[in-house]
Amino acid sequence: ALLRGIKVEVLDWEDNFICLTRGGKVEYIKQATKTSLDTYIAPLIMENKVVTKVVLKEQGIRVPEGSVVHSVEEGLQESRHYFGKALVLKPKSTNFGLGVAILQNNYTEVEVKTALELAFQYDSSVLLEEYITGKEYRILVIGDEVTAVLHRAPANVQGDGIHTIRELVEEKNKNPLRGKGYVTPLEKLFLGQTENEFLSMQEKNPEYIPDLNEVVYLRENSNISTGGD
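The present account deals with the structure reproduced in this document.

Cut-offs and rules
- The residue count restarts for each chain, going from 1 along the sequence in the order it is written.
- Under the rules for a predicted model, residues below a pLDDT of 70 receive no local features and side-chain atom pairs below 80 are neither given nor counted, while totals for whole chains, interfaces and linings still include all residues.
- Note that water and hydrogens are dropped before the side-chain values are worked out from all heavy atoms of the structure.
- Per the convention used, a helix needs a DSSP run of H or I reaching at least four residues, while a strand needs a run of E reaching at least two, with both numbered from the N terminus.
- Relative accessibility decides the category of a residue: with a 1.4 Å probe and only protein chains considered, values under 20% of the type maximum give buried, values over 50% give exposed, and everything between is partly exposed.
- In this tally, Asp and Glu contribute negative charge and Lys and Arg positive charge; neither His nor the terminal groups of the chain are included.
- For salt bridges, the criterion is a side-chain nitrogen of Lys or Arg within 4 Å of an Asp or Glu carboxyl oxygen.
- We define a polar contact as two N or O atoms separated by no more than 3.5 Å, with the added condition that, inside protein, one atom must be a possible hydrogen donor and the other a possible acceptor, whereas residues neighbouring each other in sequence contribute only through side-chain atom pairs.
- The contact criterion used is simple: two residues touch if any of their non-hydrogen atoms lie within 4.5 Å.
- Strand pairing is defined by DSSP finding a minimum of two bridges between the two strands.
- An arc is given here, and it is the one of the directions from the helix axis to the C-beta atoms.
- Each aromatic pair joins two rings of Phe, Tyr and Trp (for Trp, the six-membered one) with centres within 6.5 Å, and gets the label stacked for planes under 30 degrees apart, edge-to-face for over 60, and tilted for any other angle.
- Distance and angle both matter: a charge sits over a ring if NZ of Lys or CZ of Arg is within 6 Å of the ring centre and within 35 degrees of the ring normal.

## Overview of the side chain of Glu187
So, point 1. You can see Glu187 is positioned in strand S12 (residues 186-187).
So, point 2. In this structure Glu187 is buried but unpaired, with Lys180 as the nearest side chain of opposite charge at 8.4 Å.
So, point 3. Of the polar contacts made by the side chain of Glu187, one reaches the backbone nitrogen of Gly181; its length is 3.2 Å.
So, point 4. In contact with Glu187, other than residues within four places in its own chain, are Arg178, Gly179, Lys180, Gly181, Tyr182, Ile224, Ser225 and Gly227.

## Things to note about the pairing of strand S3 (residues 25-30)
So, point 1. Inspection of the sheet shows strand S2 (residues 17-22) paired to S3 by 6 bridges, in the antiparallel sense. Residue pairing for S3: Thr21 is matched across the bridge by Val26.
So, point 2. Where S2 folds back onto S3 in an antiparallel hairpin, the turn is made up of 2 residues, including Gly23, whose phi is positive at roughly 60 degrees.

## Description of the pattern of salt bridges
So, point 1. All chains considered together, the criterion is met by 18 salt bridges.
So, point 2. Here Glu129 ties to Lys90 by a salt bridge, and the two come within 3.0 Å at their closest N and O atoms. Separated by 39 residues along the polypeptide, Glu129 in strand S7 (residues 126-130) and Lys90 in strand S5 (residues 87-91) bring together distant segments of the chain. As far as the burial class goes, Glu129 and Lys90 line up, both buried.
So, point 3. Residues Lys113 and Glu117 are paired through a salt bridge, measuring 2.6 Å at the closest nitrogen-oxygen approach. Pair noted here: Lys113 and Glu117 are both in helix H4 (residues 109-119), with a separation of 4 residues, about one helical turn.
So, point 4. Counted as one network, the salt bridges with shared partners bring together Asp12, Glu14 and Lys92.

## So, the environment of Lys34
So, point 1. Tracing the backbone shows Lys34 in the loop between S3 and helix H1 (41-46).
So, point 2. According to the relative accessible area criterion, Lys34 is partly exposed, its value standing at 27%.
So, point 3. Sequence separation between Lys34 and Ile165 is 131 residues, and the spatial gap between their C-alpha atoms is 48 Å.
So, point 4. Within polar-contact distance, the side chain of Lys34 engages the side chain of Gln31 at 2.8 Å.

## Regarding unusual backbone geometry
So, point 1. Unusually for a residue other than glycine, Asn16 sits at a positive phi of about 50 degrees.
So, point 2. Within the secondary structure layout, Asn16 lies in the loop between strand S1 (7-12) and S2.
So, point 3. Note on Asn16: relative accessible area 46%, which makes it partly exposed.
So, point 4. The backbone of Asn213 shows a phi angle near 70 degrees, a positive value even though the residue is not glycine.
So, point 5. Considering the arrangement of structural elements, one finds Asn213 in the loop between helix H6 (193-201) and strand S13 (215-217).

## Quick word on H4
So, point 1. Restricting attention to buried positions, one finds in H4 the residues Val112, Ala115, Leu116 and Ala119. Looking down the long axis of H4, one finds its buried residues gathered within 100 degrees of arc, a one-sided arrangement.
So, point 2. At its buried positions, H4 is contacted by strand S4 (66-69), helix H3 (72-79), S5, strand S6 (101-103) and S7.

## Quick look at the packing of aromatic side chains
So, point 1. A complete count under the given rule lists 1 aromatic pair for this structure.
So, point 2. Ring geometry for Phe83 and Tyr107: centres 5.4 Å apart, planes at 35 degrees, overall tilted. Here the residue Phe83 occupies a position in the loop between H3 and S5, and Tyr107 occupies one in the loop between S6 and H4, the gap between them amounting to 24 residues.
So, point 3. A residue is classified by how much of its surface remains accessible, and Tyr107, at 8% relative accessible area, is buried.
So, point 4. The side chain of Lys204 reaches across the aromatic face of Tyr208, ending 5.2 Å from its centre.

## Considerations on H3
So, point 1. When H3 is considered as a whole, its buried residues turn out to be Val72, Gly75, Leu76 and Ser79. One face of H3 carries all of its buried residues, which in axial projection span an arc of 100 degrees.
So, point 2. Elements in contact with the buried residues of H3: S4, S5, H4 and S7.

Shown next, in the form of structure tokens:
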């Protein structure tokens, strides 16, 4: 490619992802053979969070600032640049919110280490990114047309002033739309370690009784796989 006067940019060394550019033509190539001639290149780009950010940024879309680390020690060193800011740690190539941790302000180095160890259970590379608050939308584009927009909210319960969070979770899980294993539109809510820790940050626990119409979030991430709406 270089001998032919084509610009070569390595997007991800580990994933063998490169970008070739010449005369206004841009080609993304993975592992030498996967190109735009095979439309599967789109999901291949999407499943790699590093390459996704590069492509979006090139199109003028703002993406969170961040960096990639390959060990817990490197991650601890890099995390010092984020102290005072909310931080997201996540495996480079997982889906369904697996291994993702969101640390709000005033987190400790121990919490960072725990989050890194979790993320490295799922991938050999981990992303550290600034955390940007706001509503989350998934937008489906087919061709040049927006065909659907989905607003996702993290797992939550709404209080009635009578029942505990645990009881409200049990009640919400009775909805036939909620199941396990992605065979229903929504997944059941859980009260595991992640949920209990997030409730603790809000000075609540599963036995807390929310006020009437009080919404209590059980997680920070809004993945449907972890009980999101």
